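If you want the building blocks of each chain, they are given just below.
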Amino acid sequence: MSLNWSHPLIPQRADPHLSLHGGRYWFTASVPGFDAIELRSAARIEDLPQAVPKIVWTRHERGPASWHIWAPELHRVDGRWLIYFAGGERDDIWKIRMHVLENAHDDPTQGEWIERGQIRTPLDDFALDATTFRHGGEQYLCWAEADTSRQGKTNIYLATLANAWTLKSAPTLISEAVLPWERIGFAVNEGPAVLQRHGRVLIAYSAAATDANYCMGLLWADAQADLLDASVWHKSPVPVFASANGQYGPGHNSFTTTLDGRTDLLVYHARNYRDIVGDPLHDPNRHARVQPFSWRADGLPEFGQPQPDGPVQEADA
């Protein structure tokens, strides 16, 4: 099968989320100004760069969700569109919390996006990168959050949902930033992305500071297990995707497939240079990239390495 897009796919779009719904691809990501949420859509991945983005929501002037609008994700759940995103406050810019928008229109670039507000968690601390998935008759939320009683800056939590913006169960801590490569610069587990394949629920996540040390780890559990039991989760002792081939700090990924569903695709951001002047957060050149990946004999994904700039290469079967 021919894969016709190139690296990078869309420049200056960090935290990319690419999904396939209704025969179309839908793309959203953090915009450089951290001030709005945009969507773009195309029938083919290679057409996304030319697709006209539409701003569907902009930050408030003050109060919650008025600063640092980060990592939006577009999901289709029970016939409605949802956007999960993180936002701070103009007067307290690191008061980052998770928020939800909902739209009943068939086309998420049309209709009205209704603010459903903040997702409340027991910790009520720095929280971001919410994602959702259906499994075993339950809708789950997975996210990253700080806990001042622990050493890590953010760790990964999982809970079931009563509705799109309300937790049903108590959160379960499923991954803590304890390994050396997760703690370079900052002790971080964030950006969870869920993949359900081969009798497992897999969660890729990102770790370390957002410079060249940023990389991806992997969690997995048996699909028949109680996902809210922390003991059922396994963790790769080494990164599963890291800087290589002139691409630095790959991470904050999502997953999709080719139109025929036969090839799994890894969506992520990376910079094409190592050295950054100033705070990496203010460097806008984390570019969105999409590449195929394969599967090992043991049923775990083989992401390989970031591919160099240029035409995308097919993954080995």
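Our structure is the block above this text.
Scoring rules and cut-offs
- Residues take numbers from 1 onward in each chain, read along the sequence in its written order.
- Under the rules for a predicted model, residues below a pLDDT of 70 receive no local features and side-chain atom pairs below 80 are neither given nor counted, while totals for whole chains, interfaces and linings still include all residues.
- Think of the side-chain values as coming from all heavy atoms in the structure, minus any hydrogens and water.
- Residues belong to one nonpolar core when they are buried, are Ala, Val, Leu, Ile, Met, Phe, Trp, Tyr or Cys, and are joined through side-chain atoms within 4.5 Å.
- Throughout this description, buried means an accessible area under 20% of the type-specific maximum (1.4 Å probe, protein chains only), exposed means over 50%, and partly exposed covers the range between.
- We count a stretch as a helix when DSSP gives it H or I for four or more residues in a row; a strand needs E for two or more, and each element gets its number in order from the N terminus.
- Here, two residues are considered to be in contact whenever any of their heavy atoms come within 4.5 Å of each other.
- In this description, strands pair whenever DSSP reports at least two bridges between them.
- Axis definition: a line fitted to C-alpha atoms, over the contacting stretch in the case of helices. Angles run 0 to 180 degrees between N-to-C directions.

1. Some thoughts on the nonpolar core
The biggest cluster of nonpolar side chains holds 28 residues, and the ones touching the most others in it are Trp70, Leu158, Ile174, Leu227 and Trp233. Counting only elements with at least two residues in this core, the list comes to strand S6 (64-77), strand S10 (127-135), strand S11 (138-145), strand S12 (155-163), strand S16 (200-207) and strand S17 (215-222). Here this core takes four residues from S16, the largest share from any one element. Residues within four places of Trp233 in sequence aside, it is in contact with Leu158, Ile174, Val201, Ile203, Leu219, Trp220, Ala221 and Leu227. Formed by 16 residues, the second largest nonpolar core is a distinct cluster that contains Leu3, Leu48, Val267 and Val312.

2. What about the sheet that holds strand S9 (residues 114-118)?
Read across the sheet, four strands follow the order S6-S7-S8-S9 without closing on themselves; strand pairing throughout is antiparallel. At either margin of the open sheet sits one strand with a lone partner, and together these are S6 and S9. Mean inter-strand twist for the sheet, computed between neighbouring axes without regard to direction, equals 25°. Taken together, the four bridges between strand S8 (residues 92-103) and S9 define a ladder with antiparallel strand orientation. When the bridges of S9 are listed, Leu101 appears paired with Glu115.

3. Remarks on the pairing of S16
For S16, a buried count of seven out of eight residues is recorded, marking the element as mostly surrounded by other parts of the structure. Bridge analysis of strand S15 (residues 189-197) against S16 gives seven bridges, and the strand direction is antiparallel. Within S16, the residue paired with Gln196 across the bridge is Val201. Between S15 and the antiparallel strand that follows it, S16, lie two residues; His198 among them carries a positive phi value of about 55°. Relative to S17, S16 runs antiparallel, the two sharing eight bridges.

Functional significance is not addressed by these values, which are geometric in nature.
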